[in-house]
Amino acid sequence: MSHASYLTHLFNRNKQTKVISGIRKLIKEKQLDFDGFIVTGVSGVAMGAMVARSLKKDLVIIRKDNDNTHSSYHVENFKHGKNYIFLDDLIASGNTYRKVRKEFFSCSSNKGWPYGGTYVGNKSKIIGTMLYNYSSNDSVKFLSNQEIGKRTKRGY
């Protein structure tokens, strides 16, 4: 007996290859200059690890609140003075996005502030969000922080 889940597509090599190729193409088209990806959740870590390794980028993991793990850190592998892209499979309400930005902000600087759509602190910032979609057409999109704010119910 097998069980299907939302992770099924994640482990399909053809879909992985298409999504990673789409991300690589979009980075080149938009001339995105960044140092790493930020992910959250099981699917985020699985996909983020593949993408970051393929593109030779850093990977920052922000744990979800209900993550009962062995680590007491909410954020793993954060580095000051870097530019990051949040990598996710969906932006609906914007709650996950806001939590990621809040945790990132707390790592960046206790004295930082939201400014111009990015959190500024010790020169670390999130430059936007890369969305990937396995289910329909393996599409990849890059959204600026301002675009995410417009798409979510309460902004960011």
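Residues numbered from 1 in each chain as written. Predicted model: local features only at pLDDT ≥ 70, side-chain atom pairs only at ≥ 80, totals over all residues. Heavy atoms only, no water.

Student: In this structure, what is going on with helix H2 (residues 41-55)? I would like to understand it.
Tutor: It helps to recall that an α-helix has 3.6 residues per turn; residues three or four apart then point in one direction. With 15 residues, H2 ought to run about 21 Å at 1.5 Å a step, and its terminal C-alpha atoms sit 20 Å apart, in line with that. Within the span of H2, buried status applies to Ser 43, Gly 44, Met 47, Gly 48, Val 51, Ala 52 and Leu 55. Of the surrounding secondary structure, the elements contacted by the buried residues of H2 are helix H1 (13-30), strand S1 (36-39), strand S2 (58-62), strand S4 (83-88) and strand S7 (125-132). (Helix = DSSP H or I, 4+ residues; strand = E, 2+ residues; numbered from the N terminus. Expected span 1.5 Å × (residues − 1). Buried < 20%, exposed > 50% of the residue type's maximum accessible area, 1.4 Å probe, protein only. Contact = heavy atoms within 4.5 Å.)

Student: Hey, could you run me through the confidence of the model for the chain in this one?
Tutor: Residues with a pLDDT of 70 or more make up 74% of the chain, whose mean pLDDT is 78. Mean pLDDT across the secondary structure elements of the chain bottoms out at strand S5 (residues 113-115), with 39, and peaks at S1, with 95. Below a pLDDT of 50 lies the segment residues 110-121, which in the model reaches 25 contacts outside its immediate sequence neighbourhood of four places, other chains included. (pLDDT = per-residue confidence, 0-100.)

Student: Could you clarify how one ought to interpret the packing of aromatic side chains in this entry?
Tutor: The way to describe two aromatic rings as a pair is by their centre distance and the angle between their planes. In the structure shown here, the tally under the stated rule is 3 aromatic pairs. Relative to Phe 37, the ring of Phe 34 lies with its centre 5.1 Å away and its plane at 70°, an arrangement referred to as edge-to-face. Using a relative accessible area of 0% as the deciding quantity, one classes Phe 37 as buried. Ring geometry for Tyr 84 versus Phe 104: centroids 5.7 Å apart, planes at 80°, classification edge-to-face. Taken together, the residues span a long stretch of sequence, with Tyr 84 in strand S4 and Phe 104 in helix H3 (residues 95-108) at a distance of 20 residues. Per residue, the accessibility class of Tyr 84 equals that of Phe 104, and both read buried. Above the face of the Phe 34 ring, Lys 57 is positioned so that its terminal group lies 4.4 Å from the ring centre. (Phe/Tyr/Trp six-rings, centres within 6.5 Å; stacked < 30°, edge-to-face > 60°. Lys NZ or Arg CZ within 6 Å of the ring centre and 35° of its normal.)

Student: Quick question: what am I supposed to make of the nonpolar core here?
Tutor: Among soluble globular proteins, nonpolar side chains are generally buried collectively. Among the nonpolar cores identified, the biggest contains 22 residues, and Ile 23, Ile 27, Phe 37, Val 51, Leu 87 and Met 130 are the most heavily contacted of them. Secondary structure elements with two or more residues in this core: H1, S1, H2, S4, S7 and strand S8 (140-143). Counting residues per element, this core draws most heavily on H1, at 5 residues. The residues contacting Phe 37, other than those within four sequence positions of it, are Ile 23, Ile 27, Val 51, Ala 52, Leu 55, Lys 57, Asp 58, Leu 59, Val 60, Tyr 84, Ile 85 and Leu 87. By size, the runner-up hydrophobic cluster in this structure holds 14 residues, among which are Tyr 84, Ile 126, Leu 131 and Ile 148. (Core = buried A, V, L, I, M, F, W, Y, C linked by side-chain atoms within 4.5 Å.)

Student: Hey, could you run me through the packing of H1 against H2 in this one?
Tutor: Relative orientation and spacing of two packed helices are given, respectively, by the angle between their axes and the distance between those axes. Close contact between H1 and H2 brings their axes to 11 Å; oriented N to C, the two are set at 55°. Relative to H2, the element H1 lies oblique. Where H1 crosses over H2, the handedness of that crossing is right-handed. Residues Gln 16, Val 19, Ile 20, Ile 23, Arg 24 and Ile 27 of H1 form the contact with H2, whose participating residues are Met 47, Met 50, Val 51, Ser 54 and Leu 55. (Axes fitted to C-alpha atoms, helices over the stretch in contact; angles between N-to-C directions. Parallel < 35°, antiparallel > 145°, perpendicular 65-115°, else oblique. Left-handed = near helix turned anticlockwise from the far one by under 90°.)

Student: Whenever I open this one, H1 confuses me. Can you help?
Tutor: The terminal C-alpha atoms of H1, which comprises 18 residues, lie 26 Å apart, in line with the 26 Å expected from a rise of 1.5 Å per residue. Those residues of H1 that fall on the buried side of the exposure criterion are Lys 15, Gln 16, Val 19, Ile 20, Ile 23, Leu 26 and Ile 27. Down the axis, H1 shows its buried residues gathered within 130° of arc, on one side only. Of the exposed residues in H1, the ones pointing more than 90 degrees away from its buried face are Arg 13, Asn 14, Lys 18, Lys 25, Lys 28 and Glu 29. Buried residues in H1 make contact with S1, H2, S4, S7 and S8. Taking the backbone nitrogen of Asn 14 as reference, a side-chain oxygen 2.9 Å away marks Asn 12 as the first, capping residue of H1. Looking one or two places after H1, you find Gln 31, whose phi comes out positive at around 50°. (Arc of directions from axis to C-beta. Polar contact = N/O pair within 3.5 Å; in protein donor to acceptor, adjacent residues only side chain to side chain.)

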